[in-house]
Amino acid sequence: MFLDKLKNQFNENQSLFIGEETAFRSAVLIPLVQVGGEWHILFEVRSFTMRKQPGDISFPGGRIDSTDPSPMAAALRETHEELGVDPQTITLIRRLSPYIASPSFVVYPFVAIIDYSQILHSYNKEEVEEVFTIPVKWLLNYEPYMHLVSVETVPSADFPFEKIMNGVNYQWRTRSMEEWFYDYEKYTIWGLTARILKHFVEIIK
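So, here's what we can say about the structure. Position numbers for residues start from 1 in each chain and track the written sequence from start to end. Given that the model is predicted, a residue must reach a pLDDT of at least 70 before its local features are reported, and side-chain atom pairs must reach 80 or more before they are shown or counted; all residues, however, enter totals for whole chains, interfaces and linings. Side-chain descriptors were evaluated using all non-hydrogen atoms of the structure, hydrogens and water having been removed beforehand.

Re the overall build of the protein chain
Phase 1: Helix and strand assignments follow DSSP, with helices taken as H or I runs no shorter than four residues and strands as E runs no shorter than two, numbered in order from the N terminus. Counting secondary structure elements, the protein chain contains five helices and eleven strands.
Phase 2: Only protein chains enter the area calculation, which uses a 1.4 Å probe; residues under 20% of their type maximum are buried, those over 50% are exposed, and those in between are partly exposed. Buried residues in the protein chain amount to 38% of all 205 residues.
Phase 3: Restricting to contacts in the protein chain with at least 6 residues of sequence separation, those with at least 24 account for 65%.
Phase 4: In this description, accessible areas are obtained by the Shrake-Rupley approach with a 1.4 Å probe, and a residue is regarded as covered only by the protein chains that are shown. As presented, the protein chain carries roughly 13,000 Å² of accessible surface, and 53% of it is formed by carbon and sulfur atoms.
Phase 5: Residues scored as positive are Lys and Arg, those scored as negative are Asp and Glu, and His as well as the terminal groups of each chain are ignored. We put the charge of a Lys on NZ, of an Arg on CZ, of an Asp on CG and of a Glu on CD. Taken together, the 19 basic and 27 acidic charged side chains of the protein chain have centroids lying 6 Å from each other. Two residues qualify as a contact provided that any one of their heavy atoms is within 4.5 Å of a heavy atom in the partner residue.

Listed below in structure tokens is the structure:
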């Protein structure tokens, strides 16, 4: 009886990774647009008045709300809020592999076609400083560069060291995180956006 129930549970939809249900989840759209008959990818420059990451370059997107029926719905909602694009006019191409930045933070990227002419006069000036595009052809020929960032584990002040072997002398692992950079004209794309962009470019290569 127990094994039958266990097998049935395993056959149901499993989370992508342990902790996904409690992680901070967000969704972004990689917008393909046509400019002068050529395919480009559109980026946002976050408003300089934003509380978090002002001036950073990003894809449209944001946190998945409890009212969003799916990550894709969240990406479409955020794109509408930031760029003023009617979700009904967005053509979804495919969902990419999620980017698991850490067990507590995951991003679901989607590739879609949007109408560039809608965006030029409709984007939300409170959230978006400006928009710009980069030709896909340029991205295919560009070699991004990488720098490493060391990430250290710092236990909280009330961590129960007495319960683990070696206590306060426990050797916590440090890890190096890759940060990729794309320099295009006056813009530098880095961080989460660059990581997702790199994955997308590697797929289409």
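What follows picks up the thread again.
A look at the nonpolar core
Phase 1: Residues I30, I41, F43, F59, I189, L197 and F200 are the most contacted members of the largest nonpolar core, which totals 27 residues.
Phase 2: For this core, the elements supplying multiple residues, two or more each, are β1 (24-35), β2 (38-46), β7 (105-113), β8 (128-135), α4 (136-141), β10 (175-184), β11 (187-190) and α5 (191-204).
Phase 3: With five residues, α5 is the largest single contributor of residues to this core.
Phase 4: If we ignore the near neighbours within four places in the chain, the residues touching I30 are I41, F59, L96, F110, V111, A112, I196 and F200.
Phase 5: For the purposes of this section, nonpolar cores are sets of buried Ala, Val, Leu, Ile, Met, Phe, Trp, Tyr and Cys residues that join through side-chain atoms within 4.5 Å. Counting 23 residues, the second largest nonpolar core, distinct from the first, contains A27, L42, Y108 and V131.

Looking at α5
Phase 1: By this rule the span expected of a helix is its residue count minus one, scaled by 1.5 Å. Along its 14 residues, α5 runs 20 Å from first to last C-alpha, staying within 8% of the 20 Å computed at 1.5 Å per residue.
Phase 2: Among all positions of α5, only G191, T193, A194, I196, L197, K198, F200 and V201 are buried.

Considerations on the pairing of β10
Phase 1: At least two DSSP bridges between two strands are needed for those strands to be called paired. Both strand β9 (residues 145-151) and β10 contribute to a ladder of seven bridges, which runs antiparallel. What sits directly across from M146, in β10, is W180.
Phase 2: As judged from the four bridges shared by β10 and β11, these two strands associate in the antiparallel manner. Bridge assignment links Y182 to a residue of β11, and that residue is I189.

Thoughts on helix α2 (residues 71-83)
Phase 1: The terminal C-alpha atoms of α2 lie 18 Å apart, and with 13 residues this matches the ideal 18 Å at 1.5 Å per residue to within 8%.
Phase 2: Three or more residues of α2 are buried, namely P71, A74, A75, L76, R77, E78, T79, E82 and L83.
Phase 3: The inward-facing, buried residues of α2 contact β1, β2, β4 (61-63), β7, α3 (116-119) and β8.
Phase 4: Where α2 ends, the next residue or the one after it, G84, has phi of about 75 degrees, a positive value.

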